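# Coordinate analysis (summary)
Here is how the chains run, residue by residue.
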Amino acid sequence: EQCRSAALGGHLLRCDACDTTQQAYNSCRNRHCPKCQGAAAQRWLDARQADLLPVAYYHVVFTLPAPLSALAYHHPALLYTLLFKTAAETLTILAADPKHLGARLGFTAVLHTWGSALTHHPHLHCIVPGGGVALDGARWVACRKGFFLPVRVLSRLFRRLFLEALAAAHRTGQLQCFGEHRALNEPAAFNAFLSSLRKTEWVVYAKRPFSGPAAVLAYLARYTHRVAIANSRLIAHDERGVTFKWKDYRARAEQRYKTMTLTSDEFIRRFLLHVLPRGFHRIRHYGALANQQRGEALATARELLGAAAPVMPDVDSGTQQPAPTFVCPGCGAAMLVIATFERGHAPRASPRNLGPPCRG
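Structural notes, computed from the coordinates. The structure presented is a predicted model; accordingly, all values stated were derived computationally and were not measured. (Residues numbered from 1 in each chain as written. Predicted model: local features only at pLDDT ≥ 70, side-chain atom pairs only at ≥ 80, totals over all residues. Heavy atoms only, no water.)

### Points about a nonpolar patch on the surface
Residues V151, V203 and Y205 make up a contiguous nonpolar surface patch of about 230 Å² in total accessible area. Note that Y205 resides in strand 9 (residues 204-207). (Patch = residues over 30% accessible without salt bridge, like charges linked within 9 Å, V, L, I, M, F, W, Y side chains within 5 Å. Areas by Shrake-Rupley, 256 points an atom, 1.4 Å probe, with all protein chains shown as cover. Salt bridge = Lys/Arg side-chain N within 4 Å of Asp/Glu carboxyl O. Helix = DSSP H or I, 4+ residues; strand = E, 2+ residues; numbered from the N terminus.)

Here is the structure:
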């Protein structure tokens, strides 16, 4: 609520080139704030540039069925952790199976908990290279062109692994049910609940490969640090509530883009559904991209592919100048901080050419 407002204080900026002066308020830096994630996303993407291999990449999505989404509302840390764990195990096990690929994967998973209308819809986006290092480490094994792993096999293994892990959490007391789900605390009722979930098809799908590493980064930029809704989708806030754009995937292609108006309370309630537990990591790396072995594993993969490591700009050596933190809206030159003001205060004096407050 206070992001980029006088409540957090701010600073005065002056342009080196045109001498324009501007007042800028401080950001809240909360990871769920739609305004504060642009710079964080760019920094993360720059760091991931070195991880890309010269192969096709696939986009695999694992989705929790609606009954488990309801449980995740009360136990987000537990259910989201199981989602990460079992999705990663599913990809790792099937890729290692000689009947499918016979290779060791390295991939990145990003948690999303929302649908386009801000409803609670937990699912995991995985960006996976189309192949991996053979289990004996002697060669690179590529998947068939345009085909990664069989979706039905992925779906059923994911379902089995998740329900087994959920049952174990229930037995050990990690999963306590409340409210309308209180009856599930009884073993018989919980077993019946699991039985019904085993009879449904779980949604897992793999999209066609990206056109290249640059396309992977462009796609990740839209997914890694976005939370629930972007400011660009907001249309109006008036006496009726908040109006925003959303995408109805059940409608025909030409009728998918629609508008929705929610009361202010309901809009905020839906947004807060997607605030993660404190300290929970929603971007995770597995296999060859796990932090402990990323460098060695990527070097091995590039050697087997006959590819050179990417040349990253060396900012410390002075050969690459870092981008300016503040840019003049008039001429595009760098702006320098010339004064600061504390929380809840305005600047002591208004310099000449002071522009409107910068709110990001």
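Having put the structure on the table, let's press on.
### Things to note about helix 7 (residues 264-272)
Along helix 7, the residues that are buried comprise F267, R270 and F271. Down the axis of helix 7, the buried side of the element spans an arc of 100°, and every buried residue falls inside it. Exposed residues lying more than 90 degrees from the buried face of helix 7 are D265 and L272. If you follow the buried residues of helix 7, they end up packed against strand 10 (234-238), strand 11 (241-247) and strand 12 (257-262). (Buried < 20%, exposed > 50% of the residue type's maximum accessible area, 1.4 Å probe, protein only. Arc of directions from axis to C-beta. Contact = heavy atoms within 4.5 Å.)

### Focus on the pattern of salt bridges
Taken as a whole, this structure holds ten salt bridges when the rule is applied. The salt bridge involving D51 is made with R294; its shortest N-O contact spans 3.5 Å. With D51 in the loop between helix 1 (37-48) and strand 3 (57-63) and R294 in helix 8 (residues 294-305), the pair connects residues that are 243 residues apart, well separated along the chain. When its relative accessible area of 10% is taken as the criterion, D51 is described as buried. When the shortest N-O distance is used, the salt bridge between R156 and E201 registers 3.0 Å. With a gap of 45 residues between them, R156 in helix 4 (residues 151-171) and E201 in the loop between helix 5 (187-198) and strand 9 connect regions that are remote in the sequence. Judged by its relative accessible area of 37%, R156 is partly exposed. Residues joined in a network through salt bridges with shared partners are E266, R269 and R270.

### A few points about unusual backbone geometry
Negative phi is the rule for most residues except glycine; trans is the rule for most peptide bonds. One non-glycine residue, D19, adopts positive backbone phi at about 65°. When you line up the elements, D19 lands in the loop between strand 1 (10-15) and strand 2 (21-25). The class of D19 is partly exposed, set by a relative accessible area of 26%. Its identity as a non-glycine residue notwithstanding, A228 has a phi of 65°, on the positive side. As for its position among the elements, A228 is in the loop between helix 6 (213-223) and strand 10.

### Section: the sheet that holds strand 7 (residues 131-134)
Strands pair in a sheet through their backbones, by hydrogen bonds, and they do so in one of two ways: parallel or antiparallel. Read from one edge of the open sheet, three strands run 4-7-8, paired in antiparallel fashion. Of all strands in the sheet, those with a lone pairing partner are strand 4 (103-104) and strand 8 (140-142), marking the two edges. Where strand 4 and strand 7 come together, two bridges link them in antiparallel fashion. The residue of strand 7 that forms the bridge with R104 is V133. (Pairing = 2+ DSSP bridges.)

### Overview of the side chain of H112
Within the element layout of this structure, H112 appears in strand 5 (residues 106-114). Taking the relative accessible area as the measure of exposure, H112 reaches 1% and is therefore buried. Dropping the residues within four chain positions of it, H112 is found in contact with H121, P122, H123, H125, Y223 and R226.

### Overview of the packing of helix 2 (residues 66-74) against helix 3 (residues 76-96)
Contact pair helix 2 / helix 3: the axes reach a minimum separation of 6 Å and the direction vectors enclose 130°. Compared by their axis directions, helix 2 and helix 3 come out oblique. Where helix 2 abuts helix 3, its residues L68, L71, A72, Y73 and H74 lie against P76, L79 and Y80. Residue composition of the contact of helix 2 with helix 3, grouped by class: seven nonpolar, one polar and no charged. (Axes fitted to C-alpha atoms, helices over the stretch in contact; angles between N-to-C directions. Parallel < 35°, antiparallel > 145°, perpendicular 65-115°, else oblique. Nonpolar A, V, L, I, M, F, W, Y, C, P; charged D, E, K, R; others polar.)

### Some details on the sheet that holds strand 12
Here we have three strands laid out as an open sheet, ordered 10-11-12, and antiparallel in their pairing. Two strands lie at the open edges of the sheet, namely strand 10 and strand 12, each paired on one side alone. For this sheet, the mean inter-axis angle between neighbouring strands, taken without regard to orientation, is 20°. Bridge count between strand 11 and strand 12: six bridges; the pairing is antiparallel. Looking at the pairing, T243 lines up with T261 of strand 12. Set on the sheet, helix 7 makes contact with strand 10, strand 11 and strand 12; between it and strand 12 the angle comes to about 115°.

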